[in-house]
Structure formats: C-alpha cells, structure tokens
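Take a look at the letters that make up each chain.
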Amino acid sequence: MFRHEVLISGFGGQGVAVAGRILGRSAVAAGLQATMLPSHGTETRGGYVRSQVVIADDDIDSPLVEKPDIFCALSQAAYTRFAQSAAQGVVLYDPETVATGPAPAARSTAVPARGIALESAGTALAANIVMLGVVLRRLNLFPADYAEQALRELMPRHAESNIRALRAGCAHCPHCAG
Amino acid sequence: MKTYFDTGNAAMVEAAVIAGCGLFSGYPITPATEIAEHMSRRLPPAGGLYIQAEDETAALHICIGGALGGLKAMTATSGPGYVLYADPYGWAISAEVPLVIVNAQRVGPVSGITGAPGQGEFYLSRYPTHGGNFETIVLAPNSVQEAFTMTVEAFALAERFRTPVTVLADQLVTDGYASFAVPENEEELRALGLQVVPRRAHPGPDFYPACADIDIPPVVLGRGTGAACSDWTPTEEGYDTEDTVEQMRHARRLIYKIRAHRELVDRYDAYGLENDPDIVLVSYGSPSRVVLGAVKEARRQGLSAGCIRLQSLWPFQDELFRRKADYLVVELNADGQLAREVERAARYPVHFMGACGELPSTAELVRAIRRLERGEALPQSTDEREIR
C-alpha cells in the first residue's frame, strides 16, 4: 500500500488548481485513488492558492497534505509558508520567481519552469504544466499519457501546447538534482 | 456505474438530476456557486428549471413555489445565505413542503473567509427558523461520493417526511475533488442503497392530518385538489386557524412525524469501538477524514482510541454516547457546537478540539489522544476554566 502527497502552491492565475486537478484526474484514470483539495482567496488573479493532492492505491482517509513528498513552490510566499512542511520530501521551485532563502527544505530542486514553458509551449502560462511533468516523473506511478488525456479533456482548445509543456517537463526531470 | 473525478458540488448536481429535481433556484456564494453553475447547464436538458434569484430569501421562496406546483426543488448556499433562508425555511417546515437545501459551510461568523471550511451552522441547522415547534432532518457528507449519495437520500427523505432536508456540507467537501460513482440504472441505484421517491399530490381533503404518519403525499396547489396552504397555522383542511388546540396538533405533527421515524434518518459510521476504547473521537464532515487517519495512527502507537462519525446530525443520536469513554469532539469551529450536544447526551467526560478554517493535523490529534489517555487536560476545552 502506498500514499503519496503532492502540494502545489502559488498565486491566483498560475494554474495551481488546474495542475492539481489534472494530476488527480490522471491518477484516477490510471486506476488509483486520488483527492485534491483546492483552497484559495477571494481574488481570481493574485491572492494565494494551494492544491493538496493525495494519490494512493487504496481508500484515502485524510485528504490533507501534511508532509508532502513533493512540494511545487510557484511563488516566494508559497515557498516561505510551506517549504518546511516538505522537509522529508523534495521542493521544486523556479529560481526565476523563488529565492530559496535561509531555511530551505532538505532537498530543493531548481526547475526553470517559466523558461521551459516559453520554449516548449510558447507561453510562460504553461509553467504549471512543466512542473506537473517533473512531478509525474518524480512520482513515477503511471505513464504521462494519462495526464495528456486529462489535458485534452479539460482544456481542449489549448491541449497541444500544454502537452508540449508536459513532455518538456518530463524530459527535464532527469536533469533535476536532489 | 460511471466514474467521475470532480468536486462535491458537481456530485450533488448529478445526484439531484437522478433524484428527479425539477427546479433549482439559488444565489451564488463561495463555496456553493459551482452547484448553481452546474445546475444551469444540467437541469434544463433534463427537463428541469434553473432560476437565479435576486437573493437567498427569494431563492428559497421560489423553491417553495415550485414544490407547491408539483416539482422537486433544491437550493444551495453557504452560511451567509443559509441564515437568510430563515423565513422561507420556516414556511416550508410549517406548510410541510419537501425541499433539499445544501449548505457548504465556510468559516464565520458572517462572511468570514470565503475559501476556508467551517462548521458553524450545526445548531442553526437544528433551528433554521424562529418559533420552535418542529424537528429538522440534517445529513452531513464527508466525501465527494457521500455528497452524491446523501443528496439522493435527502430528496427521498424530503418527500417521505414532507419537510425541508438540509445537506450540511463544508467547503472541503463541496470544493474538493475525488472520484465518485454515479449509477446508470435502477439496479445500480439500489446497489448504492438509494431510492427515488416520485412526487405525488395529496388528493385532500385532510391535507394536514392529525397524526405522525409519513409517506403522506405533499400538498400540491392547482391540480383540482382544492388544497390551501399558507404561513399560518393550518386546520387539517389547510385553512388558517387561531385555535390553540389546532396549533398544538400541528406542532406535534411537525415534531413527531420525524421523532417517530428516526430509524429512517439516523446514520453514523464507527471505527475501532469493538474493544471499548478509552478515548472516542466524535466528528462529522471533513474533520472526520483526518480523525479516522489519526485514530488508526494512534492505535498503531498502542493507544486505546476509536471514533464515531455522524452522518446525520438532526435528530441527534443521543444513544451513540452511552458507552463509557472519554469523548473528544473535533470540529471546525472554536466554540464547540457538536461538543455541547455530545456533552448533553454523554454521561462521561467530553473534551473539545476546535479549529478555524483549517483542519487539525494528524499529529495534533494523536497528541491530544495521548494526553487524554494520560489523564491530562487539553489546551482547549469547552470548560472555560481549562482555557490556557
């Protein structure tokens, strides 16, 4: 039996909730159990957003992410707030937006997600999906095809560019240290 | 069964469609707005009506109108809207109008924090209107799948008891994503233990009979039945009366039709009670998910703990708290509402652990169980002498 916890946090408009939703949906499509708790402020843009994703091969008691195996810090504020909780896991951050600061988690791994998104998808908006690709590879629970299918279902108009971002994230993963 | 990965909000809409909901009227509010959004897309193609109201008071009055016109009706809101339902809620209780009311609780009081869960309407759901002289039926889901099943059950109970039924959820249940199964035929519906009770129309003339019976068809106006109803105390024929004997008869029906058939409403789930544990955790809704995980962890660490999760809140299930134990009530408020009710029902010590807007962690709960097992007081308690 296994249980994996993934925390994604940033500010509104970065696709924090979308990334969590695609991760959960693809896990369920792959035959696993998944929960995703989104929390957010009042604003649609800006403000703080968090996705707590739990993936398991059995019923999930608590959907809370208390000790993330993987924490994607998409903003400085998110890093400052949650990096400590991932002390036993790995923190993925974009050095362009997050300075890891004086109290980093045990394993912080830089992923130039914005740059990879611009290169692969032609838009920095896909940085969340690049991170998702890295997360999928790190989890190594199911093929990325399930996430590609989820992207096609949830964002049919922008599926192709996001799939390119996802693949670029997956391809980048082996280069991640830590 | 068809499996979806979606929110509790979406699950409740699918449930309403299956239950034969013919009218949804509501006013948007986080974290229940998605119910209205999904309803506006799902109901019209299924032959139902979607009406966005100008405010919550109007929304529930519109639902009453639809129900009196022969439609199964539903509305959804959060705490700030639920309190505005007070007037029509009483109307529906007294005129015995079947309705389903969803409250996706967020932290309060008043507007509180929009995107954070709360459990502040435990007592408000018992007394959602003024005047007393009634019982209410309240169900409390803790997962997306239960958001689905309990909404179907709420429609059935509303029809059978001729009363509004509240589904008291919270932001984590309504906004949270998980997979849930939706039955695609009658057989699969029954496999989930669910039934759909069709809407009927009372033929009269005793629209408000002097008895505690259920399964009496509801009052429907305009079908040649000669039915009458209003917000005044009714005679058995539905006419207004100022006779206090009639008032007592009406009050006793509203109370005892529910009290006499509690077995149809009572629902709970328990874990680890078989060896009479020293500490029994009590909760409902989202906190119960963390509580279950914490109790399993505490037992792995050799602590003597079990838990009771209430799936129906009202009428309150006093009998569940007769066993000798220290009860630890965990809820998403700092004032201890469920804790107060457990204190009333239990004959043994009752402790309280409250949180505001954020679930307590597994570690905090296990620590609390350990302290209680050692006979130490908790930092928080409903007993103000123990507040640190």
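Calculation notes
Residues numbered from 1 in each chain as written. Chains lettered and ligands numbered in written order. Predicted model: local features only at pLDDT ≥ 70, side-chain atom pairs only at ≥ 80, totals over all residues. Heavy atoms only, no water. Buried < 20%, exposed > 50% of the residue type's maximum accessible area, 1.4 Å probe, protein only. Helix = DSSP H or I, 4+ residues; strand = E, 2+ residues; numbered from the N terminus. Arc of directions from axis to C-beta. Contact = heavy atoms within 4.5 Å. Axes fitted to C-alpha atoms, helices over the stretch in contact; angles between N-to-C directions. Parallel < 35°, antiparallel > 145°, perpendicular 65-115°, else oblique. Left-handed = near helix turned anticlockwise from the far one by under 90°. Nonpolar A, V, L, I, M, F, W, Y, C, P; charged D, E, K, R; others polar. Salt bridge = Lys/Arg side-chain N within 4 Å of Asp/Glu carboxyl O. Core = buried A, V, L, I, M, F, W, Y, C linked by side-chain atoms within 4.5 Å. Pairing = 2+ DSSP bridges. Buried area = accessible area lost by both parts, 1.4 Å probe. Polar contact = N/O pair within 3.5 Å; in protein donor to acceptor, adjacent residues only side chain to side chain. Domains from an automatic or database assignment.

1. Quick word on helix 3 (residues 113-121) of chain A
Residues and elements named next belong to chain A.
- Among all positions in helix 3, only Ala113, Ile116, Ala117, Ser120 and Ala121 are buried. Within helix 3, the buried residues cover an arc of 100° as seen down the axis, which keeps them to one side.
- On its buried face, helix 3 sits against helix 4 (127-139) and helix 6 (159-172).

2. Section: the packing of helix 3 (residues 56-68) of chain B against helix 5 (residues 86-94) of chain B
All names here are of chain B.
- Helix 5 packs onto helix 3 with a crossing angle of 20° between their chain directions and a minimal axis gap of 8 Å. For the element pair helix 3 / helix 5, the angle class is roughly parallel. For the element pair helix 3 and helix 5, the recorded crossing hand is left-handed. Residue-level contacts link Thr57, Leu60, His61, Ile64 and Leu68 of helix 3 to Asp87, Pro88, Tyr89, Trp91 and Ala92 of helix 5.
- Taken together, the residues of the contact of helix 3 with helix 5 break down into 7 nonpolar, 2 polar and 1 charged.

3. Let's talk about the pattern of salt bridges
All names here are of chain B.
- Scanning all chains against the criterion turns up 30 salt bridges over all chains.
- In this structure, the salt-bridge partner of Glu319 is Arg262, at a minimum N-O distance of 2.8 Å. With a gap of 57 residues between them, Glu319 in the loop between strand 12 (312-314) and strand 13 (326-331) and Arg262 in the loop between helix 10 (244-259) and strand 9 (268-271) connect regions that are remote in the sequence.
- On the accessibility criterion, Glu319 (44% relative accessible area) is partly exposed.
- The class of Arg262 is buried, set by a relative accessible area of 19%.
- Each of Glu96, Arg162, Arg253 and Lys257 takes part in a single network of salt bridges with overlapping partners.

4. A closer look at the nonpolar core
- Of all hydrophobic cores here, the largest spans 49 residues; its most connected members are Val6(A), Ile22(A), Leu23(A), Ile55(A), Leu92(A), Val135(A) and Leu166(A).
- Ranked by residue count, the leading element in this core is helix 4 of chain A, at 9 residues.
- Discounting residues that sit within four places of it in the chain, Leu166(A) has contacts with Ile129(A), Leu132(A), Gly133(A), Leu136(A), Ala144(A), Ala147(A), Glu148(A) and Leu151(A).
- Ranked by size, the runner-up nonpolar core spans 43 residues in total, among them Met39(B), Leu157(B), Phe161(B) and Val173(B).

5. Describing the environment of Ala86(A)
- Within the secondary structure, Ala86(A) sits in the loop between helix 2 (76-82) and strand 5 (90-93).
- In the structure, Ala86(A) is positioned 21 residues away from Arg107(A) in sequence and 8.7 Å away in space, judged by C-alpha atoms.

6. Notes on the sheet that holds strand 9 of chain B
All names here are of chain B.
- Spatially, 5 strands are ordered 9-11-10-13-14 in an open sheet, and the strand pairing comes out mixed. Only two strands of the sheet have a single partner each, and these edge strands are strand 9 and strand 14 (350-354). Strand-to-strand, the axes of this sheet are offset by a mean angle of 20°, without reference to chain direction.
- The pairing of strand 10 (residues 279-283) with strand 13 spans 4 bridges and is classified as parallel.

7. Some words on the interface of chain A and chain B
- Contacts between the two partners involve 22 residues from chain A, matched on the other side by 22 residues from chain B.
- The junction of chain A with chain B conceals about 1,700 Å² of combined surface from both sides, 54% of it contributed by carbon and sulfur atoms.
- In this structure, the connection of chain A to chain B is made through 3 salt bridges.
- Joining chain A to chain B, the criterion identifies 8 residue pairs in polar contact (both at pLDDT 80 or more).
- With 8 residues, the single largest contributor to the side of chain A that touches chain B is strand 2 (residues 33-40) of chain A.

8. Structural notes on the domain arrangement of chain B
All names here are of chain B.
- Here chain B is described as being made up of domain 1 (2-191) and domain 2 (269-386).
- Computed over C-alpha atoms only, the centres of domain 1 and domain 2 are separated by 27 Å.
- Listed as interface residues are 27 residues of domain 1 and, on the opposing side, 24 residues of domain 2.
- Together domain 1 and domain 2 conceal approximately 2,100 Å² of surface at their shared face, both sides included; 55% is due to carbon and sulfur atoms.
- At the boundary of domain 1 with domain 2, the tally comes to 1 salt bridge.
- Across the domain 1-domain 2 interface, the total number found is 19 residue pairs in polar contact (both at pLDDT 80 or more).
- Counting only elements with at least two residues in the side of domain 1 that touches domain 2, the list comes to helix 6 (122-126), strand 6 (137-139), helix 7 (144-161), strand 7 (164-170) and helix 8 (171-175).
- The dominant element in the side of domain 1 that touches domain 2, judged by the number of residues it contributes, is helix 6, at 4 residues.
- Across the side of domain 1 that touches domain 2, the residue classes break down as 14 nonpolar, 8 polar and 5 charged.

9. Re unusual backbone geometry
All names here are of chain B.
- Going from Thr30 to Pro31, the amide bond is cis rather than trans, its omega being 5°.
- Tracing the backbone shows Pro31 in the loop between strand 2 (21-26) and helix 2 (33-42).
- Cis geometry marks the peptide bond from Gly204 to Pro205, where omega comes out at 0°.
- Assignment of secondary structure puts Pro205 in the loop between helix 9 (186-191) and helix 10.
- You will see that Asp215, though not glycine, has its phi angle at about 60°, which is positive.
- Note on placement: Asp215 falls in the loop between helix 9 and helix 10.
- In this structure, Asp276 takes a positive phi of about 45° despite not being glycine.
- When you line up the elements, Asp276 lands in the loop between strand 9 and strand 10.

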